[in-house]
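Chain by chain, the residues run as shown.
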Amino acid sequence: LRTRVASVLCFLSVFDRKNNEFIYTNLVSPEITNQAVELLNSLPFYYNIYMDGVIYAQKGCERFFNIKGLPSDFMEEFASKLVICDDLFATIKDKGAELIDVFYGDNEELKKTIFDFFESNNLVLTSALAGVVSATAVGSDKGTALGGLCEILGITSDEAMTFGDASNDSTMLEYAYYSFAMENGDDICKASARFRAPSNADDGVAQMIEKYALKGE
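Residues numbered from 1 in each chain as written. Predicted model: local features only at pLDDT ≥ 70, side-chain atom pairs only at ≥ 80, totals over all residues. Heavy atoms only, no water.

(A) Geometry of the pattern of salt bridges. Within the structure shown, the criterion is met by five salt bridges. As a salt-bridge pair, Asp86 and Lys59 come within 3.7 Å of each other at their nearest N and O atoms. Taken together, the residues span a long stretch of sequence, with Asp86 in the loop between β6 (82–85) and α3 (88–92) and Lys59 in the loop between β5 (54–58) and α2 (72–81) at a distance of 27 residues. In this structure, Asp86 and Lys59 share a single accessibility class: exposed. Linking Glu77 and Lys81 is a salt bridge whose minimum nitrogen-to-oxygen distance equals 3.4 Å. Linking Glu77 with Lys81, this pair stays in helix α2, spanning four residues, or about one helical turn. Given the relative accessible area of 43%, Glu77 is considered partly exposed. Given the relative accessible area of 35%, Lys81 is considered partly exposed. (Salt bridge = Lys/Arg side-chain N within 4 Å of Asp/Glu carboxyl O. Helix = DSSP H or I, 4+ residues; strand = E, 2+ residues; numbered from the N terminus. Buried < 20%, exposed > 50% of the residue type's maximum accessible area, 1.4 Å probe, protein only.)

Written out as structure tokens, the structure reads:
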């Protein structure tokens, strides 16, 4: 396997760290992004918007953040990129979003309002956690981003390695030959992968990289 340092941001933008540039983007239109912020600011839950590798949230909505049990290292990374805005609408006005995350919890009425808005605007909905929905533009998924990255690097899907533990990883897992579902992954994720890896808690990603990429088994 050939490797190169690059990061996939929100599974729809690829940033090449070596050349310090975005090599793939596909954004929710500025118009729909602005409409989403107006709607979400009127509803009682936490949401955030990704743009250029930064996570933006409206001041005050963080009090509705109700997802428990997330790993501390994930929360530290999340907090390091989070920017709380006094006026999010003014901050992101006329800009397109990479991704819009809404943490609706178990409120089915609010969930319907959110899903109706996103689906009426032809956005793609995925989820990495129960009670959270992520909205992106059509064609903005991990599989598409990985395919674009492989094309730039001049490699095929047979040379790509992917790992996932949630349904929003499915397109990426279906694309790569070396696709691994984590033991702790959900059913959709496992059905999309060719191989299985030990759980995140058991450093499954590191084990598979060592076995297949570094030792070449």
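Next comes the rest of the write-up.
(B) Region of interest: the sheet that holds strand β11 (residues 178–182). Here three strands make up an open sheet; going across it, the order is β10-β11-β12 and the pairing parallel. Edge positions in the open sheet fall to β10 (161–164) and β12 (195–197), since each of these has one partner strand only. Ignoring which end each strand starts from, the neighbouring axes of this sheet average 30° apart. By the bridge criterion, three bridges tie β11 to β12 in an arrangement that is parallel. Directly across from Phe180, in β12, lies its bridge partner Phe195. (Pairing = 2+ DSSP bridges. Axes fitted to C-alpha atoms, helices over the stretch in contact; angles between N-to-C directions.)

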